[in-house]
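Fold and geometry: a report
Chain by chain, the residues run as shown.
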Amino acid sequence: MPKAYVFTRYGGPETEALVDRERPSPGPGEVLVAVRAAGVNPVDFKQRAGYRRPGGPARELPAVFGNEAAGVVVETGPGVTGFAVGDEVFGNPVDGAYAEYAVLPVAVTAHKPAALSFTDAAVLPVAAATAYDGLRQLGLAPGETLLVTGAGGGVGVAALQLARAFGLRAVGVASEGKKDFVESLGAVHVPSGPGLAERVRAAAPDGIDAVFDLVGGEALEAAATLLPDASKLVTGADRETVARLGGAAVARARTAAVLDEVARLVTDGSLDPFVTRTFPLDRAGEALRLVEDGHARGKTVIEVAA
């Protein structure tokens, strides 16, 4: 039977297991994909601990890990057009991606360009698409200055690259150990920690036009003091604080059109997915620990053999 990596109840790593499960079937507007790669993200272990997106349904347990996948269509559901068996695709699965098979809704599934590997495609639907949505939401003009907190994480790395592609000046807040990495992405590095606002003012004496926060809490509070216009403050990390400050959470488009665009940006050289570690499906727990422990630089991917 096909394999999948699941959590059997809410809790810590002790709830995880590689199990056999029946091959799922696609419903209306869905495709079944033989997974070739699945991205690993912080939201994966947060869901194991009980997190669910605002308005989202509770997961049925055992639940398969993973929120982004790339693979080959092996079956189409009723009413599906534009996709056929054998198509190479990537997108957001209905219920997990750390598996040999996953069901993807066509609304959030895109055709994978031939020049894009399954491994790179698998990390675009969460981090890169979130970065793209956030920048479009801010609506900055070329030449304006963007501050990104949490610039060394998956979304932050994509946001810095997209800022450069869109003609923006970028200031990236990250640990001192990520200084060279942040600067290699074309951004001015500012160390994280107390006194953040003063360091940003020194690094960007002409001011900040917008903030893309990926940390929340004190970092978000400090960054907000740099903006004359709270409408130019968005977060992917702290909905409650940003609402109190007058800003907004990132409004995720979750469309195939966004996936098409971020894939184009990869293939034209504007965006590097920065996959730095890969693991086979039977070592999915190791991949998840690497991300959960905060030791991953760049993106981590689970690769599934054909």
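Look up a bit, the structure's there.
Residues numbered from 1 in each chain as written. Predicted model: local features only at pLDDT ≥ 70, side-chain atom pairs only at ≥ 80, totals over all residues. Heavy atoms only, no water.

1. Thoughts on the packing of aromatic side chains
A full pass over the atoms with the stated rule returns 6 aromatic pairs. Ring geometry for Tyr 5 versus Phe 65: centroids 5.6 Å apart, planes at 25 degrees, classification stacked. On the criterion of sequence distance, the pair formed by Tyr 5 in strand β1 (residues 3–7) and Phe 65 in the loop between β4 (63–64) and β5 (69–76) is long-range, its members being 60 residues apart. An identical accessibility class is assigned to Tyr 5 and Phe 65; each is buried. Connected via pairs of aromatic rings, a cluster forms that spans Tyr 5, Phe 7, Tyr 10, Phe 65 and Tyr 98. Above the face of the Tyr 101 ring, Arg 23 is positioned so that its terminal group lies 5.2 Å from the ring centre. Over the ring of Phe 166 we find Arg 136; its NZ or CZ atom is 4.4 Å from the centre of that ring. (Phe/Tyr/Trp six-rings, centres within 6.5 Å; stacked < 30°, edge-to-face > 60°. Helix = DSSP H or I, 4+ residues; strand = E, 2+ residues; numbered from the N terminus. Buried < 20%, exposed > 50% of the residue type's maximum accessible area, 1.4 Å probe, protein only. Lys NZ or Arg CZ within 6 Å of the ring centre and 35° of its normal.)

2. Observations regarding the pattern of salt bridges
Two side chains of opposite charge can pair, provided their charged atoms sit close to one another. Inspection of every chain in the model, using the stated rule, returns 14 salt bridges. The residue Asp 20 makes a salt bridge to Lys 3 at a minimum N-O spacing of 2.7 Å. Here Lys 3 lies in strand β1 and Asp 20 lies in strand β2 (residues 16–20), a separation of 17 residues in the sequence. With a relative accessible area of 33%, Lys 3 lands in the partly exposed category. A salt bridge links Arg 264 to Asp 268, with the shortest nitrogen-to-oxygen separation between them at 3.0 Å. A single salt-bridge network, built from bridges that share partners, covers Glu 16, Arg 48, Arg 289 and Glu 292. (Salt bridge = Lys/Arg side-chain N within 4 Å of Asp/Glu carboxyl O.)

3. Comments concerning the packing of helix α3 (residues 124–138) against helix α4 (residues 154–165)
Between α3 and α4, whose axes approach to 8 Å, the crossing angle comes to 50 degrees. Comparing their axes, α4 and α3 come out oblique. You can see that α3 and α4 cross each other, and the crossing is right-handed. The residues of α4 that touch α3, namely those facing Ala 127, Ala 128, Thr 130, Ala 131, Tyr 132 and Leu 135, are Gly 154, Val 155, Ala 158, Ala 159, Leu 162 and Ala 163. Considered class by class, the residues forming the contact of α3 with α4 number 10 nonpolar, 2 polar and no charged. (Axes fitted to C-alpha atoms, helices over the stretch in contact; angles between N-to-C directions. Parallel < 35°, antiparallel > 145°, perpendicular 65-115°, else oblique. Left-handed = near helix turned anticlockwise from the far one by under 90°. Contact = heavy atoms within 4.5 Å. Nonpolar A, V, L, I, M, F, W, Y, C, P; charged D, E, K, R; others polar.)

4. Comments concerning the sheet that holds strand β13 (residues 233–235)
Spatially, the 6 strands line up as an open sheet ordered β11-β10-β9-β12-β13-β14, and their pairing is parallel. Since the sheet does not close on itself, it has two edges, and those belong to β11 (188–191) and β14 (248–249), each with one partner. As paired strands, strand β9 (residues 145–149) and strand β10 (residues 169–174) are joined by 5 bridges and run parallel to one another. Bridged to Thr 149 within β10 is Val 173. Sheet contacts for helix α6 (residues 196–203): β9, β10 and β11; angle to β11, the most-contacted strand, approximately 155 degrees. (Pairing = 2+ DSSP bridges.)

Bear in mind that shape data such as this cannot, by itself, settle questions of function.
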